[in-house]
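Reading the structure
Single-letter residue listing:
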Amino acid sequence: MEEVMAGVKSVLGRVLGIAPDQIAAESAIRGLPNADSAAILEAALAIEDRFAIEFPDEVVFRLETVSEVADVVARLAVPAGIPA
Amino acid sequence: MSAELAQYPAIFDRHEHLRWNLNRDIPWNAVRPELVRDEDRFAIRTAALSEFTTLAASHNFLREFVDDVDFSCWVSVWFYEEVKHHYALRRWLERIGIALRGDEIAPRGRPYPVGADPAATCTMNVISELRAARWYSDLSHLTHEPVLAAILRNLAADEARHAVAFASFGKRYLERDRSAHLRPVLEMAYFWLADTTHFKHPADFFYPDAAVEYRIDKVPTALAALERANHKIFEYLTEMTDIPLHGCRDLKRALRPLVPAPEAQA
């Protein structure tokens, strides 16, 4: 799970142009700098690429915190054999 | 600024033949309040308030499309028709004894952020018009009150025509500069279409604090209309973009090559 959280923070940091250590697990996604809808979608695509997953469409704009994103990634990645 | 009127005259002429008259074509004296159901009252009150957001949308359109005379001419007619929708629904509500309060209406006229890409703005409106058309059409079949049914049939036809026009203008932007507009169009479409558990509509989305008890996503018939509208929405998006789009997965697939990997940006 730590690996997933680190990966999610890394992608978010790169897409949003901020340092991953500025992003906490409990950070609200929409409260992060530059986190408009286009950036959130861009981050979702990048996270999908990184973890070889596909988010259910209905959750992409409904996940509220970084921790929620990591939880969903971990759930989706496990069956594909990626260690959570 | 280009003064070229490439699409507006044809759209105007086409719509002029189909336009209905609020006084002449609606049999106002035939309203039968005893046939009105609670769900009609709730849905139409919500719809009337939602239609009032036209005012702020029009301000935005004229700002965002200030250099596009063709679109601005068309949107002035759109404005007239949408304000007529608000008035028609409001007049029907008055006939059954419901007066909208000023404090319900006024917040829906507040400005909201102007769009960033005109083709994407057209896309948002294609989606919202087709959803509204489906919802109004469904309601026209469900209500037992004949005058309301007649009003809703007219509104549904108007919204469907509006969607065609927005798609036509959106397509023109894509044809002129595909590399600039395709990504914003696909992102906008995904944003509005991804979540089918809510009736996501600009009239609610840009007014999160306005008239919270009367929101489209609280109207069961509106939610039911979502899936039913999708087929047509994706047909229009396919026509606009020249990309076969049948669902949100296709939107993401089309978007992926346009979004640079974060590593490439670093």
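First things first, this report covers the structure right here in the doc. (Residues numbered from 1 in each chain as written. Chains lettered and ligands numbered in written order. Predicted model: local features only at pLDDT ≥ 70, side-chain atom pairs only at ≥ 80, totals over all residues. Heavy atoms only, no water.)

In this section: empty space enclosed by the protein. For the structure shown, the criterion picks out two cavities of 30 Å³ or more. Its volume calculated, the largest cavity comes out at about 300 Å³. As for the largest cavity, its lining consists of 24 residues, and the residues nearest its centre are B:Ser50, B:Thr53, B:Ser128, B:His201 and B:Ala203. Where the lining of the largest cavity is concerned, the elements lending two or more residues are α2 (38-51), α3 (54-64), α4 (69-95), α6 (118-142) and α9 (202-205) of chain B. The space that makes up the second largest cavity amounts to roughly 140 Å³. Among the elements that take part in the lining of the second largest cavity, helix α2 (residues 37-51) of chain A stands out by supplying four residues, more than any other. (1 Å grid on protein atoms, 1.4 Å probe; cavity = no way out; pocket = protein on both sides within 12 Å on 5 of 7 lines; lining within 4 Å. Points joined across faces, edges and corners; volume = space filled by probe spheres on them. Helix = DSSP H or I, 4+ residues; strand = E, 2+ residues; numbered from the N terminus.)

Turning to the state of the cysteines, a few remarks are in order. Residues and elements named next belong to chain B. According to the stated counting rule, one finds zero disulfides over all chains in the structure shown. With no disulfide of its own, cysteine 73 lies closest to cysteine 122 among cysteine sulfurs, the gap being 15 Å. Residue class for cysteine 73 comes out partly exposed when judged on its relative accessible area of 23%. According to the relative accessible area criterion, cysteine 122 is buried, its value standing at 0%. (Disulfide = S-S within 2.5 Å. Buried < 20%, exposed > 50% of the residue type's maximum accessible area, 1.4 Å probe, protein only.)

In this section: the packing of aromatic side chains. Residues and elements named next belong to chain B. Tallying each qualifying case throughout the model produces 15 aromatic pairs over all chains. Seen from their ring centres, phenylalanine 65 and phenylalanine 71 are 3.8 Å apart, and the 20° between their planes marks the pair as stacked. Taking the relative accessible area as the measure of exposure, phenylalanine 65 reaches 1% and is therefore buried. Each residue in the set Phe61, Phe65, Phe71, Trp74, Trp78, Phe166, Phe169 and Tyr173 is aromatic and connected to the rest through ring pairs, giving one cluster. Between arginine 19 and the ring centre of phenylalanine 12, over which it is positioned, the NZ or CZ distance is 5.4 Å. A cation over an aromatic ring shows up here: arginine 172 above the ring of tyrosine 173, its NZ or CZ 5.2 Å from the ring centre. (Phe/Tyr/Trp six-rings, centres within 6.5 Å; stacked < 30°, edge-to-face > 60°. Lys NZ or Arg CZ within 6 Å of the ring centre and 35° of its normal.)

Moving on to the nonpolar core. With 81 residues, the main nonpolar core has A:Val8, A:Phe55 and B:Trp74 as its most contacted residues. Top contributing element to this core by residue count: α2(A), with nine residues. Contact partners of B:Trp74, with chain neighbours within four places excluded, come to B:Tyr8, B:Ile11, B:His15, B:His162, B:Ala165, B:Phe166 and B:Phe169. In this structure, B:Ile26, B:Leu139, B:Leu148 and B:Ala156 belong to the second largest nonpolar core, which totals 37 residues. (Core = buried A, V, L, I, M, F, W, Y, C linked by side-chain atoms within 4.5 Å. Contact = heavy atoms within 4.5 Å.)

All names here are of chain B. With 14 residues, α2 extends 20 Å from end C-alpha to end C-alpha; this agrees with the ideal 20 Å at 1.5 Å per step. When you tally the buried positions in α2, you get ten out of 14 residues, the bulk of the element. Turning to α2, its buried residues are Asp40, Ala43, Ile44, Arg45, Thr46, Ala47, Ala48, Leu49, Ser50 and Glu51. On its buried side, α2 packs onto α3, α4, α5 (102-105), α6, α7 (146-176) and α9. (Expected span 1.5 Å × (residues − 1).)

Time to look at the interface of chain B and chain A. At the interface, 19 residues of chain B touch 20 residues of chain A. Roughly 1800 Å² is buried in total at the junction of chain B and chain A, and carbon and sulfur atoms are behind 54% of that figure. At the junction of chain B with chain A, the criterion picks out seven salt bridges. Residue A:Glu48 pairs with B:Lys252 through a salt bridge whose shortest N-O separation is 2.5 Å. (Buried area = accessible area lost by both parts, 1.4 Å probe. Salt bridge = Lys/Arg side-chain N within 4 Å of Asp/Glu carboxyl O.)

Geometrically, a packed helix pair is captured by the angle between its two axes and the distance between the axes. All names here are of chain B. For the pair α2 and α4, interaxial distance at closest approach is 8 Å and the crossing angle is 145°. As for the relative orientation of α2 and α4, their crossing is left-handed in sense. Between α2 and α4, the residues in contact are Arg41, Ile44, Arg45, Ala47, Ala48 and Glu51 and Glu82, His85, His86, Leu89, Arg90, Trp92 and Leu93, respectively. Residue classes in the contact of α2 with α4 are distributed as six nonpolar, two polar and five charged. (Axes fitted to C-alpha atoms, helices over the stretch in contact; angles between N-to-C directions. Left-handed = near helix turned anticlockwise from the far one by under 90°. Nonpolar A, V, L, I, M, F, W, Y, C, P; charged D, E, K, R; others polar.)

Let us now look at α3(B). All buried positions along α3(B) are accounted for by B:Thr54, B:Ala56, B:Ala57, B:Ser58, B:Asn60, B:Phe61 and B:Glu64. Against α2, α4, α6 and α7 of chain B lie the buried residues of α3(B).

Within this structure, the stated rule accounts for 29 salt bridges over all chains. Here A:Asp57 ties to B:Arg249 by a salt bridge, and the two come within 3.9 Å at their closest N and O atoms. Highlighted residues: A:Asp57 in the loop between α2 and α3 (66-77) and B:Arg249 in helix α11 (residues 248-255), drawn from two different chains. Here B:Glu39 makes a salt bridge to B:Arg37, at a shortest N to O gap of 3.4 Å. On the basis of relative accessibility, which here comes to 47%, the residue B:Glu39 falls in the partly exposed class. Several salt bridges converge on common partners, so that one network encompasses A:Glu48, A:Asp49, A:Glu54, A:Asp57, B:Arg249, B:Lys252 and B:Arg256.

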